[in-house]
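Each chain, letter by letter, is given below.
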Amino acid sequence: PRETLELPGQVLMPGLINLHTHVAMSLLRGYADDLALMRWLNEHIWPAEARHATPDFVHAGTLLACAEMLRGGITCFNDMYFFPEAAARAVVDAQIRAVWGMIVIEFPSAYAGDADAYLHRGLETRDAFRDQPLLKFCLAPHAPYTVSDQSFAKVLTYSEQLNVPIHIHLHETIDEINQSQAQHGMRPLERLNRLGLLGPNLVAVRAVP
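Residues numbered from 1 in each chain as written. Predicted model: local features only at pLDDT ≥ 70, side-chain atom pairs only at ≥ 80, totals over all residues. Heavy atoms only, no water.

## Let's talk about the overall build of the chain
Here comes step 1: The secondary structure content of the chain amounts to seven helices and six strands.
Here comes step 2: Reading the helices (α) and strands (β) of the chain from amino to carboxyl end gives β-α-α-β-α-β-α-β-α-β-α-α-β.
Here comes step 3: Its C-alpha atoms give the chain a radius of gyration of 18 Å, within 12% of the compact-globule value 17 Å for 209 residues.
Here comes step 4: Projecting the C-alpha coordinates of the chain onto the three principal axes gives extents of approximately 65 × 40 × 35 Å.
Here comes step 5: Burial status across the chain gives 44% buried among its 209 residues.
Here comes step 6: Total accessible area computed for the chain in this model is approximately 11200 Å², and 54% of it derives from carbon and sulfur atoms.
Here comes step 7: Charged side chains of the chain number 16 positive and 23 negative; the gap between the two group centres comes to 3 Å. (Helix = DSSP H or I, 4+ residues; strand = E, 2+ residues; numbered from the N terminus. Rg over C-alpha atoms; globule rule 2.2 N^0.38 Å. Buried < 20%, exposed > 50% of the residue type's maximum accessible area, 1.4 Å probe, protein only. Areas by Shrake-Rupley, 256 points an atom, 1.4 Å probe, with all protein chains shown as cover. Lys, Arg positive; Asp, Glu negative; His and termini not counted. Charge placed at Lys NZ, Arg CZ, Asp CG, Glu CD.)

Below you can see the structure in the form of structure tokens.
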């Protein structure tokens, strides 16, 4: 080589990938820690998001998280959250790669009123940023306990038609499994299998129990 650069104590390696994030929630870091998942969501996080989650909130939180990730060697992340158009602008500004989830959930928020509206808005964002080389998109149904069979069928159809992955929380807690067995007579993984969602295009996250 014509030039040698000495980097004592350093490691030269490919950029890391963060496979599952809600990067805008960096602005809620430390809020209501150490609680059971459903209590944390129902009593704290979802009410806080209803009060604070806006395009400006998402843009600022995403920029903060992108700076932190780049500082730590992460050059690509896979996210699901509200207002993806605001987050996409932050990703372009930060010049980091991202896979952005077109979120699907049954209950209303400041972002959309129902599952169909979430899908519609997500697809609009995908169309608006489809030529941006730093951004890819996936379908992001939130979880089996917040998405109906009908919505899952639409997610699967779009995934196959658009050739995009599906990103979902799955088997996060034993309570989720017990609830699914009581409501559907099967574990969430079996339910998704029967609905045809299991396959190489599925990214299942937080799968613990």
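From this point, the discussion proceeds with the structure in view.
## A look at the packing of aromatic side chains
When we look at a pair of aromatic rings, we describe it by the centre distance and by the angle of the planes.
Here comes step 1: Counted under the stated rule, the structure contains five aromatic pairs.
Here comes step 2: Ring geometry for phenylalanine 83 against tyrosine 111: centres 5.2 Å apart, planes inclined by 70°, an arrangement best described as edge-to-face. Taken together, the residues phenylalanine 83 in the loop between β2 (74-80) and α3 (84-94) and tyrosine 111 in the loop between β3 (97-104) and α4 (115-128) connect sequence positions 28 residues apart. Comparing phenylalanine 83 with tyrosine 111, the two get one shared label, buried.
Here comes step 3: Within the aromatic cluster, the residues linked to one another by ring pairs are Phe83, Tyr111 and Tyr118. (Phe/Tyr/Trp six-rings, centres within 6.5 Å; stacked < 30°, edge-to-face > 60°.)

## Here's the deal with unusual backbone geometry
Here comes step 1: The backbone of phenylalanine 83 sits at a positive phi, close to 50°, despite the residue not being glycine.
Here comes step 2: A relative accessible area of 6% places phenylalanine 83 in the buried class.

## Description of the pattern of salt bridges
Here comes step 1: This structure, assessed with the given rule, holds nine salt bridges.
Here comes step 2: Arginine 206 is paired through a salt bridge with glutamate 172; the nearest N and O atoms lie 3.1 Å apart. A residue pair is termed long-range when its members are at least 10 positions apart, and arginine 206 in the segment after β6 (202-205) and glutamate 172 in the loop between β5 (166-169) and α6 (174-184) qualify at 34 residues.
Here comes step 3: The salt bridge involving glutamate 190 is made with arginine 194; its shortest N-O contact spans 2.8 Å. Here the residue glutamate 190 and the residue arginine 194 both occupy positions in helix α7 (residues 188-194), the gap between them amounting to four residues, near one helical turn.
Here comes step 4: You can call glutamate 190 partly exposed: its relative accessible area is 31%. (Salt bridge = Lys/Arg side-chain N within 4 Å of Asp/Glu carboxyl O.)

## Some details on a nonpolar patch on the surface
Here comes step 1: Together, Val11, Met13 and Leu16 make up a nonpolar patch on the protein surface, roughly 300 Å² of accessible area in all.
Here comes step 2: As for its position among the elements, methionine 13 is in the segment before β1 (16-21). (Patch = residues over 30% accessible without salt bridge, like charges linked within 9 Å, V, L, I, M, F, W, Y side chains within 5 Å.)

## Considerations on the nonpolar core
Here comes step 1: Core analysis: the biggest nonpolar cluster contains 53 residues, and Val58, Phe77, Tyr81 and Trp100 have the highest contact counts within it.
Here comes step 2: Contacts of phenylalanine 77, omitting those with residues within four sequence positions, involve Asn18, Thr21, Val23, Cys66, Met69, Val91, Ile96, Arg97, Ala98, Val99 and Trp100. (Core = buried A, V, L, I, M, F, W, Y, C linked by side-chain atoms within 4.5 Å. Contact = heavy atoms within 4.5 Å.)

## A few points about the layout of surface pockets
Rolling a probe over the atoms, with the probe sized like a water molecule, indicates the empty space that remains.
Here comes step 1: As a volume, the largest pocket reaches approximately 630 Å³.
Here comes step 2: What lines the largest pocket is a set of 33 residues, among which Thr21, His22, Met25, Trp40 and Arg206 lie closest to the centre.
Here comes step 3: Grouping the amino acids of the lining of the largest pocket by side-chain chemistry returns 18 nonpolar, nine polar and six charged. (1 Å grid on protein atoms, 1.4 Å probe; cavity = no way out; pocket = protein on both sides within 12 Å on 5 of 7 lines; lining within 4 Å. Points joined across faces, edges and corners; volume = space filled by probe spheres on them. Nonpolar A, V, L, I, M, F, W, Y, C, P; charged D, E, K, R; others polar.)

## Digging into α6
Here comes step 1: Residues of α6 that are buried include every one of Glu176, Ile177 and Ser180, and no others. For α6, the buried positions fall inside an angular range of 100° around the axis, keeping them on one side.
Here comes step 2: Looking at the packing, one finds that the buried side of α6 touches α7.
Here comes step 3: Directly beyond the C-terminal end of α6, a positive phi value near 75° is found at glycine 185. (Arc of directions from axis to C-beta.)

## A short note on empty space enclosed by the protein
Here comes step 1: All told, the structure shown has one cavity of 30 Å³ or more when counted by the stated rule.
Here comes step 2: Its volume calculated, the largest cavity comes out at about 30 Å³.
Here comes step 3: In terms of lining, the largest cavity is formed by Met38, Tyr145, Thr173, Asp175, Glu176 and Gln179.
Here comes step 4: Broken down by element, the lining of the largest cavity gets its largest block of residues, three residues, from α6.
Here comes step 5: Grouping the constituent residues of the lining of the largest cavity by class yields two nonpolar, two polar and two charged.

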